[in-house]
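Topology and contacts: notes
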Amino acid sequence: MHKTLIAALLGALAAGTALATTEADVENSFNPYKGGFPKAAGLTAGTVINKGNAEQFKDAIPAGVLRLLKEGLLEIKVGPTTQFELSKAYVEATRKNLGKAKLGPKNGDLEGYVAGRPFPEEPDAKDTRAGEKLAWNYKYGVNWGDGAAIYPFYWKYRNMQSGQVEKTIKFNFHFLNFKHRVKDAPVPEVTPNPSELFRAIYVKALDPQDLKNTQLLIQRYEDDQKLDDAYLYLGFQRRVRRLATGQTTDAFLGSDLMIEDFEGYNGRISDMKWTYKGTKNVILPMWNHNELKLAADMPAEGDGYKYVNFGGQGGCFHNGTWQLRKVYVLEAAPVNPNHPISKRVFYMDAQLGNLNGANEIYDRKGELWKVFMVGKSHPDAHLPINKGAGIGIDDAFSMVDVQSKHCTTGQFKGQVDPKLNPPSMFQVQYMRGGD
């Protein structure tokens with residue numbers, strides 16, 4: 001009898017149906033700081049971390065960022081840890097659908113999911129599929145919510161050694177969830193949706209002239225085993241072409257980012273083997289936009305909005321504060337042996353569930369290749385339209401190639417405005433009419 005019970009429990013774990021998730025798990029998942037904010041010896045608000053003292057705080061710094069600090073490429077000012085509360089609608093959807101989501105037999109299979117955070121329970125190191133559950137929490141996380149736009153979005157290609165800005169591209173990025181919507185009409189899904197899309201991203205280049213009207217469309221299916229569709233429209237050719245799967249890991253428009261890097265990770269769950277490596281308290285770039293000293297070298301938008309400033313070596317690093325956060329360390333190794341990287345290491349913010357705070361990308365030889373840092377603003381200290389959105393607003397990014405000493409930086413004007421993202425925008429036909 002005893003052996004039978006143990007076998008049943010092990011079988012439940014393998015199927016992703018470990019001990020029942022509770023209301024307390026939901027509370028802890030969305031409010032990990034209810035018992036107080038994390039602490040690290042000597043690390044307080046106002047502390048400046050640089051080459052001289054980085055080693056002192058090494059346990060509280062993501063490994064890739066620690067290397068950059070030790071090389072003297074940037075310094076970091078620590079701010080107070082703050083609550084980044086997610087939208088009440090998303091939390092309530094998690095509570096309502098508690099325990100319904102189950103892992104299927106294969107990586108990339110999920111059964112019974114409706115809406116909210118699929119697995120709000122604390123990850124268990126003894127659960128061999130804990131990493132996969134965290135990956136699903138990201139895929140079905142808030143990210144940009146039911147729909148939002150970065151409108152506009154400036155990318156700058158920089159030589160880290162000389163500081164020369166080689167190219168500046170002005171984009172608009174748009175995001176739309178077709179399914180599992182919880183807040184913005186229509187809820188719970190956009191119809192009609194004959195292709196059973198889960199989410200789509202649409203990108204349009206506005207400037208410079210040689211790239212103007214270049215467009216990218218990524219369509220992700222509800223079925224994670226189904227390959228994404230990606231399309232590129234080149235303005236000078238005036239035609240849409242479908243991207244081969246491998247092109248999502250090429251340099252996007254000559255930048256230091258591949259399409260798979262978007263939002264921290266822009267691929268399928270089934271494309272990676274996910275491993276939970278433990279829980280830590282580390283610093284991540286998170287701030288209040290309106291309290292920063294903002295960029296003076298870029299013209300303000302018509303509504304007075306100013307962008308995050310950059311500094312450090314080559315101007316490659318956003319000048320925002322970092323705060324000590326509870327994170328899940330998550331490793332993703334490509335299933336495809338021909339993939340250009342050997343692994344990604346994410347420091348997943350436990351409260352937000354995002355993957356893009358401070359990532360490391362390792363080349364096929366296992367050596368550090370790139371460090372990706374996306375700074376987030378609290379929505380209530382950003383644009384008025386974002387107030388109360390319950391979304392960590394992506395505000396600036398640094399993608400640093402430590403091998404080539406080059407970087408691509410991004411300055412966002414993120415807007416959580418459903419009107420900017422009509423469903424028709426996320427279809428191939430829209431690209432053809434975009435001239």
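Structure: see above.
Rules used in this analysis
- Residues numbered from 1 in each chain as written.
- Predicted model: local features only at pLDDT ≥ 70, side-chain atom pairs only at ≥ 80, totals over all residues.
- Heavy atoms only, no water.
- Helix = DSSP H or I, 4+ residues; strand = E, 2+ residues; numbered from the N terminus.
- Buried < 20%, exposed > 50% of the residue type's maximum accessible area, 1.4 Å probe, protein only.
- Arc of directions from axis to C-beta.
- Contact = heavy atoms within 4.5 Å.
- Disulfide = S-S within 2.5 Å.
- Polar contact = N/O pair within 3.5 Å; in protein donor to acceptor, adjacent residues only side chain to side chain.
- Core = buried A, V, L, I, M, F, W, Y, C linked by side-chain atoms within 4.5 Å.
- Phe/Tyr/Trp six-rings, centres within 6.5 Å; stacked < 30°, edge-to-face > 60°.
- Axes fitted to C-alpha atoms, helices over the stretch in contact; angles between N-to-C directions.
- Parallel < 35°, antiparallel > 145°, perpendicular 65-115°, else oblique.
- Left-handed = near helix turned anticlockwise from the far one by under 90°.
- Nonpolar A, V, L, I, M, F, W, Y, C, P; charged D, E, K, R; others polar.

**Some words on the environment of Asn338**
One can find Asn338 in the loop between strand 14 (322-334) and strand 15 (341-349). With 26 residues separating them along the chain, Asn338 and Arg364 place their C-alpha atoms 9.0 Å apart.

**A word on helix 4 (residues 88-96)**
Along helix 4, the residues classified as buried are Tyr90, Val91, Ala93 and Thr94. Each buried residue of helix 4 lies within a common arc of 160° when the element is viewed along its axis, so the set occupies one face. Turned more than 90 degrees from where helix 4 packs its buried face, Lys88 and Lys96 sit exposed. Packing partners of the buried residues in helix 4 comprise helix 2 (23-30) and helix 5 (130-139).

**Notes on the state of the cysteines**
Following the criterion strictly, the structure yields one disulfide and no others. What pairs with Cys316 in a disulfide is Cys407, and their sulfur atoms sit 2.0 Å apart. Between Cys316 and Cys407 the disulfide shows an S-S torsion of about -80°. By sign, it is left-handed. Here the residue Cys316 occupies a position in the loop between strand 12 (310-311) and strand 13 (317-318), and Cys407 occupies one in strand 19 (residues 406-415), the gap between them amounting to 91 residues. For the pair Cys316 and Cys407, a shared accessibility class is recorded, and that class is buried.

**Details of the side chain of Asn97**
Within the element layout of this structure, Asn97 appears in the loop between helix 4 and strand 3 (102-103). Among the polar contacts listed, one links the side chain of Asn97 to the backbone oxygen of Ala93, at a separation of 2.8 Å. At a separation of 3.1 Å, a polar atom in the side chain of Asn97 contacts the side chain of Lys100. Sequence-distant contacts of Asn97, that is, excluding residues within four places in its chain, are made with Val114 and Ala115.

**Concerning the nonpolar core**
Judged by nonpolar contacts, the single largest core of 82 residues is most densely connected at Ile49, Trp155 and Phe173. Setting aside its immediate chain neighbours within four residues, Ile49 contacts Leu43, Ala54, Phe57, Ile61, Leu69, Glu75, Ile76, Val78 and Ile283. Core analysis: the second largest hydrophobic core is formed by 23 residues, Ala101, Tyr113, Tyr265 and Tyr328 among them.

**A word on unusual backbone geometry**
With omega at 10°, the peptide bond leading from Val187 into Pro188 counts as cis. Tracing the chain through its elements places Pro188 in the loop between strand 6 (165-177) and strand 7 (197-207). Residue Pro208 follows Asp207 across a cis peptide bond; omega there is 10°. Summarising the element assignment, Pro208 is placed in the loop between strand 7 and strand 8 (215-221). Backbone geometry at Asn143 places phi at a positive 45°, although glycine is not the residue there. Turning to its location among the elements, Asn143 is positioned in the loop between helix 5 and strand 5 (147-159). We note that Glu196 has phi near 55°; this positive angle belongs to a residue other than glycine.

**Details of helix 2**
Of the positions making up helix 2, those classed as buried are Asp25, Val26, Ser29 and Phe30. Down the axis of helix 2, the buried side of the element spans an arc of 115°, and every buried residue falls inside it. Where the residues of helix 2 are buried, they touch helix 4.

**What about the packing of aromatic side chains?**
A complete count under the given rule lists 30 aromatic pairs for this structure. Ring centres of Phe252 and Phe262 lie 5.5 Å apart, and the angle between their planes is 80°; on these two criteria the pair is classed as edge-to-face. Taken together, the residues span a long stretch of sequence, with Phe252 in the loop between strand 10 (239-242) and strand 11 (272-287) and Phe262 in the loop between strand 10 and strand 11 at a distance of 10 residues. Among the residues examined, Phe252 registers a relative accessible area of 6% and is labelled buried. Ring centres 6.2 Å apart and planes at 25° place the aromatic pair Trp274 and Phe346 in the stacked group. Of this pair, Trp274 sits in strand 11 while Phe346 sits in strand 15, placing them 72 residues apart in sequence. Residue Trp274 shares its accessibility class with Phe346, and that shared class is buried.

**Regarding the packing of helix 2 against helix 4**
Between helix 2 and helix 4, the shortest axis-to-axis distance is 10 Å and the interhelical angle comes to 155°. With respect to each other, helix 2 and helix 4 are oriented roughly antiparallel. Here helix 2 runs over helix 4; the crossing is right-handed. Touching Glu23, Val26 and Phe30 of helix 2 are Tyr90, Val91, Thr94 and Arg95, all from helix 4. Taken together, the residues that form the contact of helix 2 with helix 4 break down as four nonpolar, one polar and two charged.

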